[in-house]
Amino acid sequence: MADGAGKKDVGVSKRTNWVTDLVEWYDANRRKLPWRSRPRPYAVWVSEIMLQQTQVDTMLPYYRRFMKRFPSLRSLAAADVHDVLSLWQGLGYYARARNLHRASQLVVEQHGGRMPRDPAVLRKLPGIGEYTVAAILSISFEIPLPVVDGNVARVTARLWAIHDDVGRPATRKAIADRLTGPIQTVSPGTFNQAMMELGALICRPRDPSCGVCPLMKHCAAKRQKRVGDYPVKKKRKAVPQYDVVVGVIHRRGRILLARRPASGMLGGLWEFPGGKIGSEDATAYPDTLCEKILSETGVEVKVGERLCTIDHTYSHFKIRLHAFLCRAQAGRARPLASDEVRWVPPRELDAFAMSTVGKKIVAAYDR
Ligand code: SF4
């Protein structure tokens, strides 16, 4: 029978305490990560925000650079948002950086620079959801709030053979409720980090290492030989793909950049002018690009050769971007669809905060 997430530990061995086995394993096997040595709320917060949608190995160099430049919450709050975005470029999901910056300012303005310990107050800060609240408060202050991220949802779905869709908020809530008892039997910060670490290192999405797993003798999915059936996830809709054209526009030894509006996707980052196109044939791209650049910047251009084509996947869609070399013919550049436009010497392009795709265009241009 299906074991709903809200039920008691049906199917889980009671012979030894699974929490003890988990914590002993964590103490012996945890990775040395910079925010773990002395868990300050600010360091834990930055690490948790960076780890959303990003693997530890990828985020570590970003984390180190970020903490060197902004070692305290107050230094982040006092920073210019463009410097923050600059350090974030390449990590993606830039709203995380803008929210982190704004939230640090609110903590300084409203809480004297000290991280609030009340979950309800913390949750009101931009970019801090249920998961981040639980991570910050448990790891920094030992408050017993279970973290239910993707790793923990997967481990518990297998441990208890949960048949409910772990993508549903109701299932996540039921898992959190069910972990509320166990987390109170040990250090809450250790418990949450151990669950996340087990999901990252042992109970991986594909090919989990059940043979060396500390929870093997407690695990219902393993006992049923149905590890591959968990976690249950509803199939997602196919991700749409869009074609995009942009121009690397030259005028008197400089290149035109536009800064995206501060709110919205990739807000505040610099980009090459252009935009999404319809289903037109590739031969129509140059004409479409001319129209887009004119309507967005007021500059008339002549489109030259194709510089590069870049495929990129965002969270909810994919793009195929075609970048063309262009030459400005007439018109004064104006921010008709952006916050700012600027003519930039090519050697200075690296100094402007851009998305991963923007950086790839710069790299193709430099080759
Ligand atoms: S025994 Fe396997 S499936 Fe079960 S928790 Fe451990 S790694 Fe995951």
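Residues numbered from 1 in each chain as written. Predicted model: local features only at pLDDT ≥ 70, side-chain atom pairs only at ≥ 80, totals over all residues.

### Brief notes about the overall build of the protein chain
Step number 1: Helices and strands together make up the secondary structure of the protein chain, namely 15 helices and 7 strands.
Step number 2: Expressed as lengths along the three principal axes of its C-alpha atoms, the size of the protein chain is roughly 80 × 50 × 35 Å.
Step number 3: A total of 367 residues make up the protein chain; the buried ones form 37% of that total.
Step number 4: Counted over contacts in the protein chain with a minimum sequence separation of 6, partners at least 24 positions apart contribute 70%. (Helix = DSSP H or I, 4+ residues; strand = E, 2+ residues; numbered from the N terminus. Buried ≥ 20, exposed ≤ 12 C-beta atoms within 10 Å, placed from the backbone. Contact = placed C-beta atoms within 7 Å.)

### Looking at the nonpolar core
For soluble globular proteins, nonpolar side chains are generally found buried alongside one another.
Step number 1: With 96 residues, the main nonpolar core has Val46, Ile136, Ile249 and Leu257 as its most contacted residues.
Step number 2: Two domains share this core, each providing at least three of its residues, namely domain 1 (18-229) and domain 2 (241-366).
Step number 3: Non-local contacts of Leu257, meaning those with residues more than four positions away in its chain, are made with Trp270, Glu271, Phe272, Val341, Arg342, Val344 and Phe352. (Core = buried A, V, L, I, M, F, W, Y, C linked by C-beta atoms within 7 Å. Domains from an automatic or database assignment.)

### Some thoughts on unusual backbone geometry
Both trends apply: most residues other than glycine have a negative phi, and most peptide bonds are in trans.
Step number 1: Omega for the peptide link from Tyr230 to Pro231 comes to 0°, which places this bond in the cis form.
Step number 2: Within the fold, Pro231 resides in the loop between α13 (220-223) and β1 (241-251).
Step number 3: Within the chain, Asp207 stands out as a residue other than glycine whose phi angle is a positive 50°.
Step number 4: Here Asp207 lies in the loop between α12 (188-201) and α13.
Step number 5: Given 8 C-beta atoms within a 10 Å radius, Asp207 is considered exposed.
Step number 6: Phi is positive for Leu266, which is not a glycine, with a value near 55°.

### Comments concerning the domain arrangement of the protein chain
Interface extent is often summarised as the accessible area lost during association of the parts.
Step number 1: Domain boundaries in the protein chain define domain 1 (18-229) and domain 2 (241-366).
Step number 2: Distance from the C-alpha centre of domain 1 to the C-alpha centre of domain 2: 36 Å.
Step number 3: Across the side of domain 1 that touches domain 2, the residue classes tally to 4 nonpolar, 5 polar and 1 charged. (Nonpolar A, V, L, I, M, F, W, Y, C, P; charged D, E, K, R; others polar.)

### Things to note about the site of the ligand
Step number 1: The full set close to the ligand counts 14 residues, and Cys203, Pro208, Cys210, Cys213 and Cys219 are the nearest of them.
Step number 2: Counting only elements with at least two residues in the shell around the ligand, the list comes to α10 (150-159) and α13.
Step number 3: A total of 3 residues in the shell around the ligand trace back to one element, the largest contributor, which is α10.
Step number 4: Of the residues in the shell around the ligand, the class split is 12 nonpolar, no polar and 2 charged. (Near = placed C-beta within 6 Å.)

### Things to note about the pairing of strand β5 (residues 300-313)
Step number 1: Both β5 and strand β6 (residues 318-330) contribute to a ladder of 11 bridges, which runs antiparallel. For Arg306, the partnering residue across the bridge sits in β6 and is Phe324.
Step number 2: Turn length for the β5-β6 hairpin, with the two strands adjacent in sequence and antiparallel, is 4 residues. (Pairing = 2+ DSSP bridges.)

### Quick word on helix α15 (residues 356-366)
Step number 1: Taken as a whole, α15 has its buried residues at Val357, Gly358 and Ile361. End-on, the buried residues of α15 take up no more than an arc of 105°, which puts them together on one face.
Step number 2: Summarising the contacts, the buried residues of α15 are in contact with β1, β3 (270-271), β5 and β6. (Arc of directions from axis to C-beta.)

### Description of the packing of helix α3 (residues 41-51) against helix α4 (residues 56-69)
Step number 1: With their axes 10 Å apart at the nearest point, α3 and α4 run at an angle of 140° to one another. Taken together, α3 and α4 sit at an angle that is classed as oblique. In this structure, α3 meets α4 at a crossing whose hand is right-handed. Of the residues in α4, those in contact with Ala43, Val46, Ser47, Met50 and Leu51 of α3 are Val56, Met59, Tyr62, Tyr63, Phe66 and Met67.
Step number 2: Class assignment for the residues of the contact of α3 with α4 results in 10 nonpolar, 1 polar and no charged. (Axes fitted to C-alpha atoms, helices over the stretch in contact; angles between N-to-C directions. Parallel < 35°, antiparallel > 145°, perpendicular 65-115°, else oblique. Left-handed = near helix turned anticlockwise from the far one by under 90°.)

### Overview of the environment of Ile319
Step number 1: Its place among the elements puts Ile319 in strand β6.
Step number 2: Residue class for Ile319 comes out partly exposed when judged on the 17 C-beta atoms lying within 10 Å of it.
Step number 3: Beyond its immediate stretch of four places on either side in the chain, Ile319 contacts Gln241, Tyr242, Val244 and His312.

### A closer look at the pairing of β1
Step number 1: Here β1 pairs with β6 via 10 bridges, running parallel. Paired with Val246 across the bridge in β6 is Ala323.
Step number 2: Relative to strand β4 (residues 274-277), β1 runs antiparallel, the two sharing 4 bridges. Looking at the pairing, Val245 lines up with Gly275 of β4.
Step number 3: Taken together, the 2 bridges between β1 and strand β2 (residues 254-259) define a ladder with antiparallel strand orientation. Bridged to His250 within β2 is Ile255.
Step number 4: Counting the residues that bridge the hairpin from β1 to β2 gives 2 residues, and of these Arg252 lies at a positive phi of roughly 45°.

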